[in-house]
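Below are the chains, spelled out letter by letter.
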Amino acid sequence: MDKQEFADLIFGDNPSKRPKWFSLLEDPIFKPRYNIPLNDQRQDAYHKLKKVTDAKIMSVLDFGSDPTNIFTAHEFMGQVDPSAGTKMTVQFNLFGGSVFALSTERHRWLFPKIDDLSVVGCFCLTELGYGNNAVKMETTFVYDEATKEFIVNTPTTKSQKYWITNSVNHANYALVFGQTIVKGKNEGVNAVLVRIRDDKMDAMPGVRIVDMGIKMGLNGVDNGALFFKDVRVPREYLMNRYSEVSEGGVFTSETQNIPSRFFKVTERLLSGRLCIASLCMGATRACLYIGIKYAMQRLGVGASGLSDTPIFDYQLQQNALLPLLARSVSLNIAHNRIKSIFAHPQGKEHEVLMMCCIDKCLVVWNLNAVAVTCRERSGGQGFLACNRFGEYLNLAHAGMTAEGDNRVLMIKVVKDYMGNVGAKKSGLPKMGMCPKNQLPKVANLVDLNVLLDLLKFREITLFKSLVATLDQRCKVEKANQFEVLQYEVSDNVQSLAQAYGERQALEFCLDQLHSTKNAETKKVFATIFTLFASDIVLRDLGFYLSHQVVSQDAAKAFINSLPTQVKALSAHTKDVIESLNVPVHAIYTPIVGDYVGYNQKPHFGEVVNAKL
Ligand SMILES: Cc1cc2nc3c(=O)[nH]c(=O)nc-3n(C[C@H](O)[C@H](O)[C@H](O)COP(=O)(O)OP(=O)(O)OC[C@H]3O[C@@H](n4cnc5c(N)ncnc54)[C@H](O)[C@@H]3O)c2cc1C
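Right, let's walk through the structure included here. Please read these numbers as outputs of a predicted model, since none were measured by experiment.

### Some thoughts on the overall build of the protein
If you tally the helices and strands in the protein, you get 21 helices and 13 strands. For the C-alpha atoms alone, the extent of the protein along its principal axes is close to 85 × 75 × 40 Å. The buried share of the protein, taken over its 612 residues, is 57%. Residue pairs at least 24 apart in sequence account for 75% of intrachain contacts in the protein once pairs closer than 6 positions are excluded. Of the roughly 24600 Å² that the protein leaves accessible, carbon and sulfur atoms contribute 54%. Placing the 69 positive and 62 negative side-chain charges of the protein at their respective mean positions leaves the two points 2 Å apart.

This is how it looks when you write it as structure tokens:
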């Protein structure tokens, strides 16, 4: 295959940006350290972030001109340091991106300071008592007409701002979300900028910052809980792109519906989901590179009984790793497409939310599967911190929870899906073959058009069954829709969101296949996309058989085809993993290099002074 073409398509941004990142990551600061105190881990993550900002390789203003540049930065940082990447996503997207989106002229002074880290921001949305239901938060900003200030309070234990990234060590400003009370009326959730530390980095009066301490991973991220007691903020610090309070205390807003103001000011969570997906996509590529490279050089028992056979040659290894490689490459192609739709949404505005949400869910869960599998398939070496799988696994878990819990986002996807179809903004996918008369007669399912039709069939069936249940329960039996959705049809909702995301991903892959120029690259992509789709159909084969859309004979032949498909991909695996744009020089895992040489002397699990 044409490795360069493949690498460019996986990169998904302007390839001319790649060398800048590769050379930046040569800096020794990106060498990971493992056995260091908590505070040093946090400083280490900050210094890596500072190195990136000093290189002026990205700007918060990219959200206006080239958002993909920000996503690319996340993909690289996800590979080399998930903690620094998490600090970066809060600085540039949650804090910086929100300021960018919600500010007006009077806040412009912040942009260069965000870019050079002279303002380090944190994003105070979550409260101890209000995570996925943050709209009901208890933090308040009461407008004081006499002083023309907002008075910020977290009045209860449950209203402490919780999990706040960057807050314990580095942030001097916070974007705080709270119920806005003007002339005694609650005008809904808005955001104000609050200075939380002075020039000496001491907490400002009324601000209390509590260290959340050790977590299961990503300990370079300084998460804290913040309390505000009568903290006074100038009126001008209200983010007033959509809502404003005049000096005299008159509240005006573009958004008349008060609960909707929350969604307007938290819109940045949308690009945040692409940032998290980008961090995880980068980590997925690095993880696969490490796990497969090691499998290719680690020798295990061969036919003669000697340790002379790469463990990668075992069918067990290939059957575990290669369907995940196929799924990862396919989700990567889909992720690239969604990033570009986010940057240029014209005509697809109504689908952007669904796409960003499902992209995050699928990519993050896939990283979890990849990290777990690579860890196990690398044996004991996979358990050493310096071989990195643990940190990637932790990134996946932070990703599942942060910026909207994955399962909650799946519900959001389905609500939007039903809304879009109901409003005729979009329709259900159209199948090529009839599911009653044609598909059951297909003997060979290993065909991209057949597989796509099967994915569409499942999505359509799940959609129709959900709508039928909702109609029966809510329209006929007058049940409460919230209760039916939350207590009766969860499995249908979750399966439908997944079916939508996977069908869409496969369609994006097929678009890519059609536009790929080099015939060999095209062949490799076809092998990968077919395995991706086959793996999904295999997982759901019970569904297809019970709906009689696939015959028993076709199902048997299909099951038997999977190992053959894996074998076909194994022939290209080395080329594929070497085209994943992994900055190998910045990964520093002993098992992708000379792991025997590394173990010639003790390193106590560190790589800093080791020659790799
Ligand atoms: C590493 C990390 C960094 C973070 N950084 C920040 C930050 O900088 N700023 C910030 O504001 N927040 C931050 N967060 C917080 C994060 O956004 C919240 O943890 C997240 O929104 C979930 O809230 P919660 O933890 O209260 O979970 P809950 O809302 O309590 O959810 C708990 C469980 O209940 C389930 N659940 C909840 N609601 C529903 C529902 N409607 N239907 C079905 N199931 C449901 C969820 O699936 C989940 O499994 C961070 C979190 C992590 C892990």
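### Here's the deal with helix 9 (residues 268–297)
The terminal C-alpha atoms of helix 9 lie 44 Å apart, and with 30 residues this matches the ideal 44 Å at 1.5 Å per residue to within 8%. Taken across its 30 residues, helix 9 has 28 buried, putting it largely inside the fold.

### Thoughts on unusual backbone geometry
Notably, K424 is not glycine yet its phi reads approximately 60 degrees, a positive angle. Here K424 is to be found in the loop between helix 13 (406–422) and helix 14 (448–476). Owing to a relative accessible area of 75%, K424 belongs among the exposed residues under this scheme. Of note, Q548 is a non-glycine position whose phi angle comes to about 55 degrees, a positive value. Checked against the element boundaries, Q548 lands in the loop between helix 18 (541–546) and helix 19 (552–570). With relative accessibility at 61%, the residue Q548 sits in the exposed group.

### Observations concerning the sheet that holds strand 4 (residues 161–165)
Taken in spatial order, the three strands line up as 4-8-7 in an open sheet, and their pairing is antiparallel. One side of each edge strand has no neighbouring strand; the edge strands of this open sheet are strand 4 and strand 7 (207–211). On average, each strand axis in the sheet is tilted by 35 degrees relative to the strand beside it, whichever way the strands run.

### Topic: the state of the cysteines
Evaluated as defined, the whole model comprises zero disulfides. The structure places no disulfide on C356, whose sulfur is separated from the nearest cysteine sulfur, that of C357, by 6.8 Å.

### Describing the pairing of strand 3 (residues 149–153)
With four of five residues buried, strand 3 is to be regarded as a mostly interior element. Examined bridge by bridge, strand 2 (residues 140–144) and strand 3 share five bridges and lie antiparallel to one another. The partner of T140 across the bridge, within strand 3, is N153. Joining the antiparallel neighbours strand 2 and strand 3 is a turn of four residues, in which K148 adopts a positive phi near 55 degrees. Here strand 3 pairs with strand 9 (residues 231–234) via four bridges, running antiparallel. For V152, the partnering residue across the bridge sits in strand 9 and is V231.

### Overview of the site of the ligand
Around the ligand, a shell composed of 17 residues is seen, among which F123, T126, N132, T165 and D405 lie nearest. Take T165: an N or O atom from its side chain is 2.9 Å from a nitrogen atom of the ligand. Against a free-state accessible area of 970 Å², the protein chains account for coverage of 67% of the ligand. Across the shell around the ligand, the residue classes break down as eight nonpolar, seven polar and two charged.

### Section: the environment of K215
Mapped onto the fold, K215 is located in the loop between strand 7 and strand 8 (223–228). When the C-alpha atoms of K215 and L316 are compared, they prove to be 34 Å apart, with 101 residues separating the residues in sequence. Residues contacting K215, with those up to four places away along its chain left out, are W163, V221 and N223. A polar side-chain atom of K215 sits 3.1 Å from the main-chain carbonyl oxygen of L218. Within the structure, K215 has its side chain in polar contact with the side chain of N223 (distance 2.7 Å).

### Description of the pattern of salt bridges
One pass over the full model with this rule turns up 40 salt bridges. The salt bridge involving K339 is made with E75; its shortest N-O contact spans 2.8 Å. A residue pair is termed long-range when its members are at least 10 positions apart, and K339 in helix 10 (residues 315–343) and E75 in helix 5 (residues 67–80) qualify at 264 residues. Exposure class is identical for K339 and E75. Each is buried. Measuring nitrogen to oxygen at the nearest pair gives 2.9 Å for the salt bridge that ties D511 to R337. With D511 in helix 16 (residues 490–515) and R337 in helix 10, this residue pair connects regions lying 174 residues apart in the sequence.

Cut-offs applied
Residues numbered from 1 in each chain as written. Predicted model: local features only at pLDDT ≥ 70, side-chain atom pairs only at ≥ 80, totals over all residues. Heavy atoms only, no water. Helix = DSSP H or I, 4+ residues; strand = E, 2+ residues; numbered from the N terminus. Buried < 20%, exposed > 50% of the residue type's maximum accessible area, 1.4 Å probe, protein only. Contact = heavy atoms within 4.5 Å. Areas by Shrake-Rupley, 256 points an atom, 1.4 Å probe, with all protein chains shown as cover. Lys, Arg positive; Asp, Glu negative; His and termini not counted. Charge placed at Lys NZ, Arg CZ, Asp CG, Glu CD. Expected span 1.5 Å × (residues − 1). Pairing = 2+ DSSP bridges. Axes fitted to C-alpha atoms, helices over the stretch in contact; angles between N-to-C directions. Disulfide = S-S within 2.5 Å. Near = heavy atom within 4 Å. Polar contact = N/O pair within 3.5 Å; in protein donor to acceptor, adjacent residues only side chain to side chain. Nonpolar A, V, L, I, M, F, W, Y, C, P; charged D, E, K, R; others polar. Salt bridge = Lys/Arg side-chain N within 4 Å of Asp/Glu carboxyl O.

Taken by themselves, the reported measurements are silent on function.
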